[in-house]
Amino acid sequence: MTVAIAASTIARQAFRLMEMRPLQSFGENTEEAQAAAEQYPEALRMMLEAYDWSFARRVIRPPLSLPGPSDAADPDLPHAFVLPDDMLKLRKVYGSGIRYRVDGMTLRASERQILIRGTFQLTNEAQLPSDFKLTVACQLAVLLSPKLVTSRTKRVELKDDLSAAFQRAITSDQGTASGTRLDGLPQRTSDDWAAGVMR
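Residues numbered from 1 in each chain as written. Predicted model: local features only at pLDDT ≥ 70, side-chain atom pairs only at ≥ 80, totals over all residues. Heavy atoms only, no water.

(A) The arrangement of the overall build of the protein in detail. On a plain count of helices and strands, the protein comes out with five helices and six strands. The linear arrangement of helices and strands in the protein, starting from the amino end, is α-α-β-β-β-β-β-β-α-α-α. Buried positions account for 41% of the 199 residues belonging to the protein. If you take every contact in the protein between residues at least 6 apart in sequence, the share linking residues at least 24 apart comes to 67%. (Helix = DSSP H or I, 4+ residues; strand = E, 2+ residues; numbered from the N terminus. Buried < 20%, exposed > 50% of the residue type's maximum accessible area, 1.4 Å probe, protein only. Contact = heavy atoms within 4.5 Å.)

Below, the structure written as structure tokens:
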């Protein structure tokens, strides 16, 4: 699928970071454009999954799952819910003492009434903050660099760029919530998150 220039600013920035000619569109008939079109969705998804971003966060009440003819309720977690197709990562199940487990796209829980918070897929670059777009561009450059960047030093620089951009994006996003974690778990630093996304 061809992506117009205006909608591929992340990909063009990734090529600038690699010190290569920026793409005009994913539809170019070049090896570089084909590689970018293949890796762009993965880079975006990796960055969305890596942190509980405010702009991709939603709290929802998932619908009950309708069992198939051979499906049985889990005796330990009898209530089954359908997770949305566009939810990339479950962040929290609300409720005191609720036990749960994710099986594929089904959430099994000990209670019938639940709320969940998750990170959801976004594809419109216009909805993404600038700092986050730079982070995705850095991740895309890192994914493309083994194939397109011959300098080992440059590949290391790209990983350093990703770490710095990721920390900056987190710092920018942290003003949207209170300073302590809401799930009761120990605080994680931006260094912890950056280490988790390094490939």
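Here the narrative resumes, following the displayed structure.
(B) A look at the sheet that holds strand β4 (residues 100-103). With respect to topology, three strands assemble into an open sheet ordered β2-β5-β4, the strand pairing being antiparallel. Each having just a single partner strand, β2 (79-82) and β4 make up the two edges of the open sheet. Averaged over all neighbouring strand pairs, the angle between strand axes comes to 25°, with direction disregarded. With four bridges joining them, β4 and strand β5 (residues 106-109) adopt antiparallel strand pairing. Each residue of the ladder has a partner; that of Y100, found in β5, is A109. (Pairing = 2+ DSSP bridges. Axes fitted to C-alpha atoms, helices over the stretch in contact; angles between N-to-C directions.)

(C) Looking closely at the pattern of salt bridges. All chains considered together, the criterion is met by 10 salt bridges. Here E49 and R45 are joined by a salt bridge, their closest N and O atoms 2.8 Å apart. Of the two residues, E49 and R45 both sit in helix α2 (residues 31-49), four residues apart, roughly one turn of that helix. A salt bridge links K154 to E157, with the nearest nitrogen and oxygen atoms 3.6 Å apart. (Salt bridge = Lys/Arg side-chain N within 4 Å of Asp/Glu carboxyl O.)

(D) Structural view of the environment of L107. Mapped onto the elements of the fold, L107 is located in strand β5. Relative accessible area serves as the criterion here: at 0%, L107 is assigned to the buried category. Contact partners of L107, with chain neighbours within four places excluded, come to H79, A80, F81, L83, L90, V93, Y100, R101, V102, I114 and I116.

(E) Summary view of the side chain of T135. As for its position among the elements, T135 is in helix α3 (residues 130-148). Using a relative accessible area of 0% as the deciding quantity, one classes T135 as buried. Contacts of T135, omitting those with residues within four sequence positions, involve M47, L162, A165, F166 and A169.

(F) Spotlight on the sheet that holds strand β1 (residues 57-60). The sheet built from three strands is open, its strands ordered β1-β6-β3 with antiparallel pairing. What marks the edges here is a single partner per strand, and that holds for β1 and β3 (87-94). Across the sheet, the mean angle from the axis of one strand to that of its neighbour is 25°, orientation sign disregarded. Relative to strand β6 (residues 115-120), β3 runs antiparallel, the two being bridged by six bridges.

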